[in-house]
Amino acid sequence: MLQRTPITGTRFYMKAPEIALALVGPRQLAALERSESLKPADIATILGDLELLDRLPEDGCVTHLYFGSEFCEHLLPKPDEMARAIAAAQRFRLTLVLATPAANDTLVERILELERSLPPKAEILVNDWGVAHQLHAEAPTRPLIAGRQMAKMIKDPRVPSSAWMKPYPSSYAQPGFGRLLKGFGMIHIELDVPPFATPDLYVVPGFAVSVRVPYAYVAKGRLCKIGSLRQPRPEKFAPGRACHRECLGIVEKERQGSAIVSYARGNSLYYRHDATMTHAVRAATTAGSITRLVFSGI
Amino acid sequence: MKITAPISRIGEIEAQAAAGAHELYCGVVPQEWVARFNTGAVNRRFFGNLDSVATLYAAIEAAHRAGTRLFMVLNAQHYGETYQTALLELAQRFHEAGGDAVIVADLALVVLLHQRLPMLTIHLSSVAGCRNSAGIDFYRDLGVRRVILPRDVTLDEIEGMARAANGIELEVFVLNDGCVFEEGTCHSLHLPSKLGGPICIDERPFEYRDAKGRPISERMTRKLRENDADYKRWLWYRFGCGFSTTQAGYPFGPCGLCAIARLTAAGVASVKIAGREGPTERKTRSTAMVRAVLDRLEAGAQPQAAAAFAVGLRQTEDHCRSGFMCYYPETRWQADQ
């Protein structure tokens, strides 16, 4: 068994949070399986993002492996992929986190089946109240994390000033929202970094806070442009259709021109954190408000 | 099966009732709200709202006189804590004046309203994004009586949820207006057009890259660009075919008329016509179209005959065959029907 590998790359985070590596598809999982260690260069290679080297923390060890998609029903791991992820997590002595999207009834059943295959301490990232409800009923001791789709806030990368977001503060600013999560035993939430973010966003009493780095998601649909690539025309852009997972190999990147660079992958829009956002994450991590950094592609 | 239709002015109530609506929904922006919060953000729409609580009271009376029920939307994805007291007051005034239900998306607000106004009927907005039977169970526990399903669910999924709904009413979209992203998981703003407008139709230039950030092959790029062209055409349908209508005023755009037979058989309680902000004629002609199809079915028409009638109402065989105008493309009009 390999030892956890302290990360010693370029650094600017002063306090050591938990560090997670988030993978979506089997291609990334295979890259992890080929890796001998989880040094910063390995993480950057697995995620295909060498610029990540500038954002990896000084003293942290990789502690968690996320596997699965928060955004797409077609990317829920198949049982054999899940088994491989479990094995990879054991090999690197990481706690596994199954990422799950919004789900129809069939997918809820598949998520419950996957849950039964997970190690006892594995966590599940949920983005659907129905999924949370069902998991809590059937696996009450399973640690659940409230995903980014359950955290309401404005993250439009085009807004020219923070004043545009003022009427829509984070939903976690409302104590009632947190009480709902605690009804499911949830004490851990995941937040994105909106434009003009300030560190106080991540002060959420009673909750551990994870943040995805270095991308935030803006919007997610169920209908998918690239997922319709091989469909006959009348069947395109409709729910419930088969998918060939083209999104795992192709991404849309905004041509230069915006201060914040946007991307589209599959059914979702993203942007890469700018310097202000990176600073907010660094400050909140130093202050201890952010307890886990989740390094992820889009 | 009930028809739930939008209004934005008192004068539309009688017209919508006459066109066949059983239930109406509206938004309101009280003047004191604007003074207090310096924003009109009481619900998902800045426009298309009644302008005062007095008008809301009059609308409740007018709706009941016309034999319809009136619902009020409080359906922002979420509200800041400072708004909660004002929202509770507004809901209480609506309830005490005889208003029939509130449509809510923010779960913390659902809980607050149910605790403080237990007799107030709460409908869960499509903005909450309920996509499964377990979600319906959860919302029942919170005091919700009806769940409005989001756009982009399949008929099979609706039927499954209806079977498991156990007393909770389901409402589904049937006409007009289609978000591209899911309303409940879109964290953008509909900005002024000079800043890009809605992000789903903001035509900023993008280029395709492979998983490692490299350019992709010309052949694949060509295929992707062809798909982009289809997507652009689908967007046009999604946004009401340019918000156009037939000469008789029937609106084009997202439509589930051919699915009404299956929705009725599934036990769906209500079909929703979107478009509070639209002109009065668009609203009433939408209602009349849905009513005409429902009347056919209630008179014993077979589903295919009702669908043929629906297509004939607008004489839109080409649009209907495309599948791009359908909320439920499983029932897309086929050439051999």
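Thresholds applied
- Residues numbered from 1 in each chain as written.
- Chains lettered and ligands numbered in written order.
- Predicted model: local features only at pLDDT ≥ 70, side-chain atom pairs only at ≥ 80, totals over all residues.
- Helix = DSSP H or I, 4+ residues; strand = E, 2+ residues; numbered from the N terminus.
- Rg over C-alpha atoms; globule rule 2.2 N^0.38 Å.
- Buried ≥ 20, exposed ≤ 12 C-beta atoms within 10 Å, placed from the backbone.
- Contact = placed C-beta atoms within 7 Å.
- Pairing = 2+ DSSP bridges.
- Axes fitted to C-alpha atoms, helices over the stretch in contact; angles between N-to-C directions.
- Core = buried A, V, L, I, M, F, W, Y, C linked by C-beta atoms within 7 Å.
- Domains from an automatic or database assignment.
- Expected span 1.5 Å × (residues − 1).
- Arc of directions from axis to C-beta.
- Parallel < 35°, antiparallel > 145°, perpendicular 65-115°, else oblique.
- Left-handed = near helix turned anticlockwise from the far one by under 90°.
- Nonpolar A, V, L, I, M, F, W, Y, C, P; charged D, E, K, R; others polar.
- pLDDT = per-residue confidence, 0-100.
- Right-handed = clockwise from strand over helix to strand, strands pointing away.

Let us look at the overall build of chain A. Within chain A one finds 7 helices and 12 strands. Whereas a compact globule of 298 residues would reach a radius of gyration of roughly 19 Å, chain A reaches 18 Å, a difference of no more than 12%. Based on the C-alpha atoms only, the size of chain A along its principal axes is roughly 50 × 45 × 40 Å. A buried classification covers 54% of the 298 residues belonging to chain A. In chain A, of all internal contacts separated by at least 6 residues, the share reaching a separation of at least 24 is 70%.

This paragraph deals with the overall build of chain B. A count of helical and extended segments in chain B gives 13 helices and 9 strands. Expected size for 337 residues packed as a compact globule is a radius of gyration near 20 Å; at 21 Å, chain B falls within 12% of this value. Oriented by its inertia axes, the alpha-carbon framework of chain B measures out at about 65 × 55 × 40 Å. The buried share among the 337 residues of chain B stands at 50%.

Reading across from one edge, β8(A)-β11(A)-β10(A)-β9(A)-β8(B) is the order of the 5 strands in this open sheet, with antiparallel pairing throughout. The two strands at the open ends of the sheet, each matched to only one other strand, are β8 (215–220) of chain A together with β8 (206–210) of chain B. Across the sheet, the axes of successive neighbouring strands diverge by a mean angle of 30°, strand direction being ignored. Sheet topology places strand β10 (residues 262–265) of chain A next to strand β11 (residues 268–272) of chain A; 4 bridges connect them, and they run antiparallel. Bridging from a neighbouring strand, Arg265 of chain A pairs with Ser268 of chain A of β11 of chain A.

Counting residues at the interface gives 58 residues for chain A and 56 residues for chain B. Looking at the side of chain A that touches chain B, the elements with two or more residues in it are α4 (105–117), α5 (129–138), α6 (175–182), β8 and β9 (250–254) of chain A. Alignment of β9 of chain A against β8 of chain B, held across 5 bridges, turns out to be antiparallel. Within β8 of chain B, the residue paired with Ile250 of chain A across the bridge is Asp210 of chain B.

Our focus in this paragraph is helix α6 (residues 133–141) of chain B. If you check which residues of α6 of chain B are buried, you get Ser133, Ala134, Gly135, Ile136, Phe138 and Tyr139 of chain B. In this structure, the buried side of α6 of chain B is in contact with α4 and α5 of chain A together with β5 (122–124), β6 (144–148) and α7 (155–164) of chain B. Two residues or fewer after α6 of chain B comes Gly143 of chain B, characterised by a positive phi angle close to 105°.

What follows covers the nonpolar core. The biggest cluster of nonpolar side chains holds 201 residues, and the ones touching the most others in it are Leu21, Leu65 and Tyr66 of chain A together with Val102 of chain B. Sort the elements by how many residues they give to this core and helix α5 (residues 107–116) of chain B lands first, with 6 residues. When residues of this core are assigned to domains, at least three map to each of domain 1 (2–178 + 250–331) and domain 2 (198–236) of chain B. Beyond its immediate stretch of four places on either side in the chain, Leu21 of chain A contacts Leu38, Ile43, Ile46, Val62, Leu65, Tyr66 and Phe295 of chain A.

All names here are of chain A. Within the secondary structure, Ile189 is located in strand β6 (residues 188–191). Placed 145 residues apart in sequence, Ile189 and Ala44 show a C-alpha to C-alpha distance of 25 Å. When near neighbours in sequence (up to four residues on either side) are disregarded, Ile189 contacts Ile145, Ala146, Ala151, Tyr172, Val204, Phe207 and Val209.

Let us now look at the sheet that holds β5 of chain B. The strands making up a sheet are joined through hydrogen bonds of the backbone, oriented either antiparallel or parallel. The sheet built from 8 strands closes into a barrel, its strands ordered β1-β2-β3-β4-β5-β6-β7-β9 (chain B) with parallel pairing. Strand after strand, the sheet turns through a mean of 30° between neighbouring axes, direction not considered.

Residues and elements named next belong to chain B. For helix α8 (residues 218–238), built from 21 residues, the straight-helix expectation of 30 Å at 1.5 Å per residue is met to within 8% by its first-to-last C-alpha distance of 29 Å. Among all positions of α8, only Asn227, Tyr231, Trp234, Tyr237 and Arg238 are buried. Down the axis of α8, the buried set is contained in an arc of 100°. They therefore lie on one face. Away from its buried face by more than 90 degrees, α8 exposes Glu218, Arg222, Arg225, Glu226, Ala229 and Lys232.

Another point: the packing of helix α11 (residues 280–298) of chain B against helix α12 (residues 303–314) of chain B. Residue and element names in this part refer to chain B. Contact geometry of α11 with α12 gives a least axis separation of 9 Å together with a crossing angle of 155°. Between α11 and α12, the angle falls in the class roughly antiparallel. Regarding α11 and α12, the two cross each other, and that crossing is right-handed. When α11 is examined against α12, the residues Met289, Ala292, Val293, Arg296 and Leu297 are found in contact with a partner set consisting of Ala306, Phe309, Ala310 and Leu313. Of the residues contributing to the contact of α11 with α12, the split by class is 8 nonpolar, no polar and 1 charged.

For chain B, the assigned domains are domain 1 (2–178 + 250–331) and domain 2 (198–236). Put simply, the middle of domain 1 of chain B and the middle of domain 2 of chain B, counted by C-alpha atoms, are 34 Å apart.

Parts of the model with low pLDDT should not have their predicted coordinates read in detail. When pLDDT is averaged along chain A, the result is 91; 93% of the residues meet or exceed 70. Predicted confidence is poor over residues 1–14 of chain A, with pLDDT under 50, and the contacts of this stretch with residues over four places away or in other chains come to 38 contacts.

A word on unusual backbone geometry. Across the chain, the bulk of peptide bonds are trans and the bulk of non-glycine residues have phi less than zero. Geometrically, the link from Val213 of chain A to Pro214 of chain A is a cis peptide bond, its omega value of 5° lying close to zero. Here Pro214 of chain A shows up in the loop between β7 (208–213) and β8. Phi at Phe237 of chain A is positive, roughly 55°, even though this residue is not glycine. The class for Phe237 of chain A is buried, based on 28 C-beta atoms found within 10 Å. A positive phi angle is found at Asn176 of chain B, which is not glycine, with a value near 75°. Following the sequence through the fold, Asn176 of chain B ends up in the loop between β7 (169–175) and β8.

Residues and elements named next belong to chain A. Within the fold, Phe184 resides in the loop between α6 and β6. Each C-alpha atom of the pair Phe184 and His136 lies 5.9 Å from the other, and the pair is 48 residues apart in sequence. When neighbours within four sequence positions are excluded, Phe184 is seen to be in contact with Ala132, His136 and Leu144.

Residue and element names in this part refer to chain A. As paired strands, strand β3 (residues 95–99) and strand β4 (residues 123–126) are joined by 3 bridges and run parallel to one another. Counted as the bridge partner of Val97 is Glu123 from β4. Following the backbone out of β3, through α4 and into the adjacent parallel β4, one traces a crossover that is right-handed. Handedness of the crossover joining β4 and strand β5 (residues 144–146) through α5: right-handed.

All names here are of chain A. In this structure, His188 sits in strand β6. Note on His188: 18 C-beta atoms within 10 Å, which makes it partly exposed. Excluding anything up to four places from it in sequence, His188 contacts Ile145, Phe207, Ala208 and Ser210.

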